[in-house]
Amino acid sequence: MDELSMLCMVTDLIPKDATCRTCKHRGRAKLNCYSNKVIQCCTMKPSKRSNSGYKTIKVTDRACYMYKKED
């Protein structure tokens, strides 16, 4: 966990029980056109290694400092 995420948790900028599942920035992408598998990704964190172009996440991860509640 980076220092900025820890600072946000201490100052209560994000709820303590917030996860990536309830974040507005969570995206879903198909693995490829031949597979039914869907991967979860964070649209605020770009990545050159993944097929979707964004960092792959687990929805049970703790929310980071960019967390925004989904409407």
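Structure's up top.
Undergrad: I tried to follow the sheet that holds strand β2 (residues 38-46) on my own but got confused; where do I start?
TA: Strand pairing in a sheet is mediated by backbone hydrogen bonds. Such pairs are either parallel or antiparallel. As summarised here, the arrangement of the three strands in space is β1-β2-β3, forming an open sheet in which the pairing is antiparallel. One side of each edge strand has no neighbouring strand; the edge strands of this open sheet are β1 (26-30) and β3 (54-56). When the angles between neighbouring strand axes are averaged without regard to direction, this sheet yields 50°. Here β2 runs beside β3; their pairing, made up of three bridges, is antiparallel. Bridge assignment links Cys41 to a residue of β3, and that residue is Thr56.

Undergrad: What should I look at first to understand the pairing of β2 in this one?
TA: Two strands pair when backbone bridges link them, and β1 and β2 are joined in this way by five bridges, in the antiparallel orientation. By the bridge assignment, Ala29 is partnered in β2 with Ile39.

Undergrad: Please clarify how the environment of Lys69 should be interpreted in this entry.
TA: For Lys69, the position within the fold is in the segment after β3. Spatially, the C-alpha atoms of Lys69 and Thr22 are 6.2 Å apart, while their sequence positions differ by 47 residues. Setting aside residues no more than four positions away along its own chain, Lys69 makes contact with Thr22 and Lys24.

Definitions and cut-offs
Residues numbered from 1 in each chain as written. Predicted model: local features only at pLDDT ≥ 70, side-chain atom pairs only at ≥ 80, totals over all residues. Heavy atoms only, no water. Pairing = 2+ DSSP bridges. Helix = DSSP H or I, 4+ residues; strand = E, 2+ residues; numbered from the N terminus. Axes fitted to C-alpha atoms, helices over the stretch in contact; angles between N-to-C directions. Contact = heavy atoms within 4.5 Å.

In short, the description is geometric, and any link to function would need to be established separately.
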